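Breakdown of the fold
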Amino acid sequence: MADRGVTNAELPAVPNTRVARRLARLGFADAEQAAHLLSAEPLCWWDVAANAPVDDAAAGIVAALGRSADPDCAVRSLARLVQAAGPQLRLAVEQDTTLRTRLVAVLGASIALGQHLAECPADWQVLVGEHDLATAPTRLATAVGGASDPVVALRRAYRRELVAIAGRDLPEELELPAVMAALADLAGYVLRAALDVATAGLPPGSASCRLAIIALGKAGGRELNYVSDVDVVFVAEPADGSVDEPAALQTAIRLAAETVRICGAAAWEVDAGLRPEGRAGPLVRTLASYQAYYERWASTWEFQALLKARPVAGDAELGQRYLDVIAPMVWTAAERPGFVSDVQAMRRRVVEHLPPDIADREIKLGPGGLRDVEFAVQLLQLVHGRGDESLRRADTLSALDALRDGGYVGVDDAVSFSDAYRFLRAAEHRLQLLRLRRTHLVPDDEGALLTLARAMGFRPDPRGDARTVWRAEWALHSREVRRLHEKLFYRPLLDAVARVPSEALRLTPSEAKRRLAALGFSDPRGALHHIDALTAGLTRRAALQRALLPVMLSYFADASDPDAGLRAYRQVSDALGATPWYLRLLRDEGAVASRLAQVLGTSRYVADLLLRAPEALQLLADDDDLRPRPSGELRAAAVDAAARELDAVRAVAAARSRRRFELLRIAFADLLGRLDVTEVADAVSATTDATLAAALYVAGRSVAAELGVEALPIRLAVIAMGRLGGSEAGYGSDADVLFVFESRDAATAEAEAARIAHDVAERLRTLLAMPSADPPLRVDADLRPEGRNGPLVRSAQSYASYYAKWSSVWEAQALLRGRFAVGDEQLGRRFMAMIDVIRYPAAGVAAPDLAEIRRLKGRIDSERLPRGADPSTHLKLGRGGLADVEWTVQLLQLMHAREHSGLRTPRTLDALHAAALARLISPSNADALEASWRLASGARNAIMLVRARADDQLPSQGKVLVAAARVLGYPPGADPGQLVDDYRRAARRARRVVEQIFYGAAE
């Protein structure tokens, strides 16, 4: 009990228990002891008879004691101190409320400082008035100068300064940064005093030297806590040219070792373990030795440690020279191979090596602790600070502010990080103040935890007592730190930025043009104009762009058309304006930045769509969002979007907007290599179906409103044909359809039903054809009976009659791609059953029909190939192209679908696989047809993505070919002519199969 103030043995007789009960209500846990101390000498502030303070001053003192972190500890220590210091202190506490607040706060929060004051009672006076820490060096020097035991004198002087700082910290007169800076400065003053004592103790004749002490870590960053190892390195040189270096170093080593010993005895341990080669290396080195080591041998973590280097004692000029040598190395360290991953791995190792029984109580090293904040901030500084000198701050909080101001960390994230850091550092301070011991463990004792919570100002609230409130706040801050640490520390953009050379981060205009040309920009002047437009001004948006552009330019350089990518990036950035999430998304979320650069630098189609649907950019953040949506989900979303609008034009526009968004989703996934050609076709076809469903709903609702009926008296089904029917639609495909209707009841005449059906179908086509910012969707009904000359809609019976009497073989062939798409499902299924008889003829293909099919194909080959087109690389009508493959497969279907059910499918590849399975075509021939079909279909999509315009001619050279090859998965730098060669080879193989099967098929 010696260190806890007056003991029970020294107390007078126990007073009235009524007094104890009242004092318990005021916050004293050991109320009987408090009653003894407050009512007896030397305090005498409680009137036992009246069970109240003796006067107003005494009431203020008792209230202050009750508000302290540990009222019992505070009153014991105060009684002991007043006993030692005499009536002068008692009177000062009664009269000076500021002194009272400071002294009681110290005594309630720190047993160790209370003990010091009892041993050095005059030191209470440092709590009166102002205290200038800047004059501490003089006070420390005076204390040790001439003292019989300088170490003891230094220890007492150091504790006196701690009392002064704590006395202003605990009542929150000082902000946390000021407290940390004061403690760090005091550490530097102690090192100076210790070095002076060591110097005075040198043996006569010692060689003269210059010695500088460089603080690292929290001491170097002026963010020290109350009890911490002080990290340092020692750098020395001979004092003049007459002293040889080895002798000077011997003196310096003696001084450094003695300084370490004195500080350890007087204040805290000095840790020189961050020096080159750690504890195995020499304690002192010359500046040249440090430079050589850091240039050749230093590890990643050593540069991180040097981030906060600051000369604090010894030769100031030598210390500054040390900084001048290491600073350039610190701010280029992030360019070292594997730098970012090394720092990340080091943090993981720290967490992994924590003993499990204390990990959840560690506020420094544990997950969600101080190190998570510090490592994230330091890594961001080291990576981005190479080009942005505003980030070169030594302390965590100001560095975090600079990262926020520079756009490298979001405003909300910076606030959350800062608040959590302040909470954790304050908790660390209060834990260490109690006994002035180095600890970062939250106590598992409830009484100690209560003292900690009260020392930090927590009081009971609706959540519970002070301990419960503190635990809730700690859990909140810890979770937020861990979340932000994972988000910032493992940000993929960091690796990319670290790979950008430092010289590319800060360039003059002429240097920038050279850099852009080296990156592959064909118009560096134009690129520089875009960069200037994006980064001009002092807005946060400009700051974020300045942080992002160095790595974005590198990403664009990897795309097939860097100039187009940067131009589109500027357009998208301008379109999004001040949208708060846009640049944050690029900075924070996964690989969004690299993905955006890839798609914009490859696809004009995507760039055009993004300008009208920039919110779709968020799809790039999550792989799950890049998966095409199920057909039913798409239809429901499209119809729902349309149903929310009463006006027909706006309703269909809403559905078309949904289509645009889904096309972007598909294009993103396609460009990023996440979909093959059949998956793209399925997704585009499903999106088209969904848009048709919404348009049919709106058209039907509109016609019903004009008729004044709630529901139309007809059923209408839309039959998909062509590539849409085969679920093989591309980005630029029309919607080939047939419209079929029937009356719901006999009361509606056939003519009236036909008129209503025509109105619905025509309105659907008109609404979808209206000029819009959305991609066009042309509804083509030319495959209907009699083509453009025939009625737009027919009844199911009319179709049946026509096909039974008048249909030609080409119409049966066209019906092979027929598929019920949207509308009345029952009618659609009946129609499909009816046309099965036509498209899957029981007798196969008669000789005249076979001749007609070949004749039609010959006409297509000779007449429809565009003038000047290269038949070897025309993807649709060229030799071995899509038409060759599809007509060959369709001929097999017409001939054999009746006996092989697998051929009864509108999908080309499914039918081809079924034909191979039925041995109607050899596996090798089927593979040849499939390879050509896949490559031709993929190339058509690629050209559409690159040019935003459909084209069936595979280019032989130029940017479009380069970009198309990249879309199709050819590696960067590969000869794009390889795509042309590969296609010609695949088409030749396919053509040989076509000639064998299509033209050589048995009559």
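Look above for the structure.
Treat the numbers as computed from the prediction; the structure is a model and nothing was measured.

Before going further, it helps to examine the overall build of the protein. Assigned secondary structure in the protein consists of 44 helices and twelve strands. Against the 2.2 N^0.38 benchmark of 30 Å for 1003 residues, the protein shows a C-alpha radius of gyration of 41 Å, more extended than a compact globule. For the C-alpha atoms alone, the extent of the protein along its principal axes is close to 125 × 80 × 50 Å. Across the 1003 residues that make up the protein, the buried fraction comes to 56%. Intrachain contacts of the protein at a sequence separation of at least 6 include 73% that bridge at least 24 residues. Charge separation in the protein, taken as the distance between the mean sites of 125 positive and 129 negative side-chain charges, equals 3 Å.

What follows covers the environment of Arg 788. Structurally, Arg 788 can be placed in the loop between β10 (779-780) and β11 (793-795). Within the local environment of Arg 788, its side chain forms a polar contact with the side chain of Asp 782, the two groups lying 2.8 Å apart.

A cis amide bond, omega 5°, links Glu 41 with the succeeding residue Pro 42. Relative to the helices and strands, Pro 42 is located in the loop between α2 (31-39) and β1 (46-47). The backbone of Glu 172 sits at a positive phi, close to 65°, despite the residue not being glycine. Positionally, Glu 172 belongs in the loop between α9 (150-169) and α10 (176-200). Its identity is not glycine, yet Arg 222 carries a phi of approximately 55°, on the positive side. Within the element layout of this structure, Arg 222 appears in the loop between α11 (217-220) and β4 (230-238).

A few words now on the nonpolar core. In summary, soluble globular proteins display a tendency toward joint burial of nonpolar side chains. Ranked by size, the top nonpolar core spans 131 residues in total, and within it Leu 566, Tyr 569, Leu 596, Leu 600 and Leu 610 carry the most contacts. Element by element, the count of residues in this core is highest for helix α42 (residues 923-947), at twelve residues. When residues no more than four places from it in sequence are discounted, the contact partners of Leu 600 are Phe 556, Ala 564, Gly 565, Ala 568, Tyr 569, Val 572, Ala 607 and Leu 610. Formed by 100 residues, the second largest nonpolar core is a distinct cluster that contains Ala 20, Leu 162, Ala 215 and Ala 248.

Using the criterion set out here, one finds 73 salt bridges in the structure. Residue Glu 852 pairs with Arg 855 through a salt bridge whose shortest N-O separation is 2.6 Å. Highlighted residues: Glu 852 and Arg 855, both in helix α39 (residues 847-864), separated by three residues, approximately one helical turn. Arg 855 gets classed as partly exposed once you look at its relative accessible area, which sits at 40%. The salt bridge involving Asp 884 is made with Arg 991; its shortest N-O contact spans 2.6 Å. A residue pair is termed long-range when its members are at least 10 positions apart, and Asp 884 in helix α40 (residues 882-896) and Arg 991 in helix α44 (residues 977-997) qualify at 107 residues. This pair shows no difference in class: Asp 884 is buried, exactly as Arg 991 is. Bridged by salt links that share partners, the residues Arg 210, Glu 237, Asp 315, Glu 317 and Arg 321 form one connected network.

Looking now at the packing of aromatic side chains. Scanning all chains against the criterion turns up 15 aromatic pairs. Geometrically, the ring pair formed by Trp 470 and Trp 474 is tilted, given 5.2 Å between the ring centres and 40° between the ring planes. Placement of the pair is Trp 470 and Trp 474 together in helix α22 (residues 466-489), with a separation of four residues, close to one helical turn. Accessibility classification places Trp 470 together with Trp 474 in one group, the buried group.

The next subject is a positive patch on the surface. Side chains of Arg 18, Arg 21, Arg 22 and Arg 25 sit close together on the surface and give a patch of like positive charge. For Arg 22, the position within the fold is in helix α1 (residues 17-25).

The subject of this paragraph is the pairing of strand β9 (residues 735-743). Within β9, eight of the nine residues are buried, which leaves it mostly tucked inside the rest of the structure. Inspection of the sheet shows strand β8 (residues 714-720) paired to β9 by seven bridges, in the antiparallel sense. Directly across from Ile 719, in β9, lies its bridge partner Leu 738. In terms of strand pairing, β9 meets β10 through two bridges, oriented parallel. Bridge pairing links Ala 735 to Val 779 in β10. Between the parallel elements β9 and β10, the chain passes through helix α35 (residues 750-769) in a crossover that is right-handed. Direction of pairing for β9 relative to β11: parallel, over a ladder of three bridges. Residue pairing for β11: Val 740 is matched across the bridge by Arg 794.

A large share of β8 lies buried, amounting to seven of its seven residues. What you see with β8 is no split at all: Ile 714, Leu 716, Val 718 and Ala 720 on one side and Arg 715, Ala 717 and Ile 719 on the other are buried throughout. The pairing of β8 with strand β12 (residues 819-823) spans four bridges and is antiparallel. The residue bridging Ala 717 from the neighbouring strand is Gly 823, located in β12.

The next thing to look at is the side chain of Arg 991. Overall, the relative accessible area of 16% leaves Arg 991 in the buried class. In this view, Arg 991 contacts Lys 857, Asp 861, Arg 879, Gly 880, Asp 884 and Tyr 999; residues no more than four positions away in its chain are not counted.

Taking 1.5 Å as the rise per residue, helix α26 (residues 540-557) with 18 residues should run 26 Å; its terminal C-alpha atoms sit 26 Å apart, in good agreement. For α26, the principal kink sits at Leu 549 and spans about 45°; a proline, Pro 550, occurs within the next four residues. Among the 18 residues in α26, 14 count as buried, and that is most of the element.

This part is about the packing of α2 against helix α4 (residues 71-85). Close contact between α2 and α4 brings their axes to 10 Å; oriented N to C, the two are set at 30°. Regarding the angle of α2 to α4, the classification is roughly parallel. In the crossing of α2 with α4, the sense of the turn from one axis to the other is left-handed. Packed against α2, whose contacting residues are Gln 33, Ala 34, Leu 37 and Leu 38, the element α4 presents Val 75, Arg 76 and Ala 79 at the interface.

What follows is about helix α12 (residues 245-266). Helix length check: α12, at 22 residues, gives a terminal C-alpha distance of 31 Å against a target of 32 Å (1.5 Å per residue), a fit within 8%. What α12 keeps buried is the set Ala 248, Leu 249, Thr 251, Ala 252, Leu 255, Ala 256, Thr 259, Ile 262, Cys 263 and Ala 266. The buried residues of α12 occupy an angular sector of 160° when projected down its axis, which confines them to one face. In α12, the exposed positions angled more than 90 degrees off the buried face are occupied by Pro 246 and Gln 250. Of the surrounding secondary structure, the elements contacted by the buried residues of α12 are α9, α10, β3 (209-215), β4, β5 (270-271) and β6 (284-285).

The next point concerns the packing of helix α30 (residues 604-612) against helix α32 (residues 648-671). The contact between α30 and α32 brings their axes to 10 Å, and the two run at 145°. Between α30 and α32 lies a crossing of left-handed hand. Taking contact as the criterion, the partners of Tyr 605, Val 606, Leu 609, Leu 610 and Arg 612 in α30 are, on α32, Arg 660, Leu 663, Leu 664, Ala 667, Phe 668 and Leu 671. Among the residues forming the contact of α30 with α32, the class breakdown is nine nonpolar, no polar and two charged.

Within the fold, His 440 resides in the loop between α20 (411-435) and α21 (446-455). Owing to a relative accessible area of 10%, His 440 belongs among the buried residues under this scheme. Distance in space between the C-alpha atoms of His 440 and Thr 142 is 34 Å, their sequence separation being 298 residues. Apart from the residues lying within four places of it in its own chain, the contact partners of His 440 are Arg 361, Glu 362, Ile 363, Lys 364, Glu 428, Leu 431 and Gln 432. Engagement of the side chain of His 440 in a polar contact is seen with the side chain of Glu 428, the distance being 3.2 Å.

Cut-off values and rules
- Residues numbered from 1 in each chain as written.
- Predicted model: local features only at pLDDT ≥ 70, side-chain atom pairs only at ≥ 80, totals over all residues.
- Heavy atoms only, no water.
- Helix = DSSP H or I, 4+ residues; strand = E, 2+ residues; numbered from the N terminus.
- Rg over C-alpha atoms; globule rule 2.2 N^0.38 Å.
- Buried < 20%, exposed > 50% of the residue type's maximum accessible area, 1.4 Å probe, protein only.
- Contact = heavy atoms within 4.5 Å.
- Lys, Arg positive; Asp, Glu negative; His and termini not counted.
- Charge placed at Lys NZ, Arg CZ, Asp CG, Glu CD.
- Polar contact = N/O pair within 3.5 Å; in protein donor to acceptor, adjacent residues only side chain to side chain.
- Core = buried A, V, L, I, M, F, W, Y, C linked by side-chain atoms within 4.5 Å.
- Salt bridge = Lys/Arg side-chain N within 4 Å of Asp/Glu carboxyl O.
- Phe/Tyr/Trp six-rings, centres within 6.5 Å; stacked < 30°, edge-to-face > 60°.
- Patch = residues over 30% accessible without salt bridge, like charges linked within 9 Å, V, L, I, M, F, W, Y side chains within 5 Å.
- Areas by Shrake-Rupley, 256 points an atom, 1.4 Å probe, with all protein chains shown as cover.
- Pairing = 2+ DSSP bridges.
- Right-handed = clockwise from strand over helix to strand, strands pointing away.
- Expected span 1.5 Å × (residues − 1).
- Bend = angle between axes of the 7 residues up to and from the residue.
- Axes fitted to C-alpha atoms, helices over the stretch in contact; angles between N-to-C directions.
- Parallel < 35°, antiparallel > 145°, perpendicular 65-115°, else oblique.
- Left-handed = near helix turned anticlockwise from the far one by under 90°.
- Arc of directions from axis to C-beta.
- Nonpolar A, V, L, I, M, F, W, Y, C, P; charged D, E, K, R; others polar.

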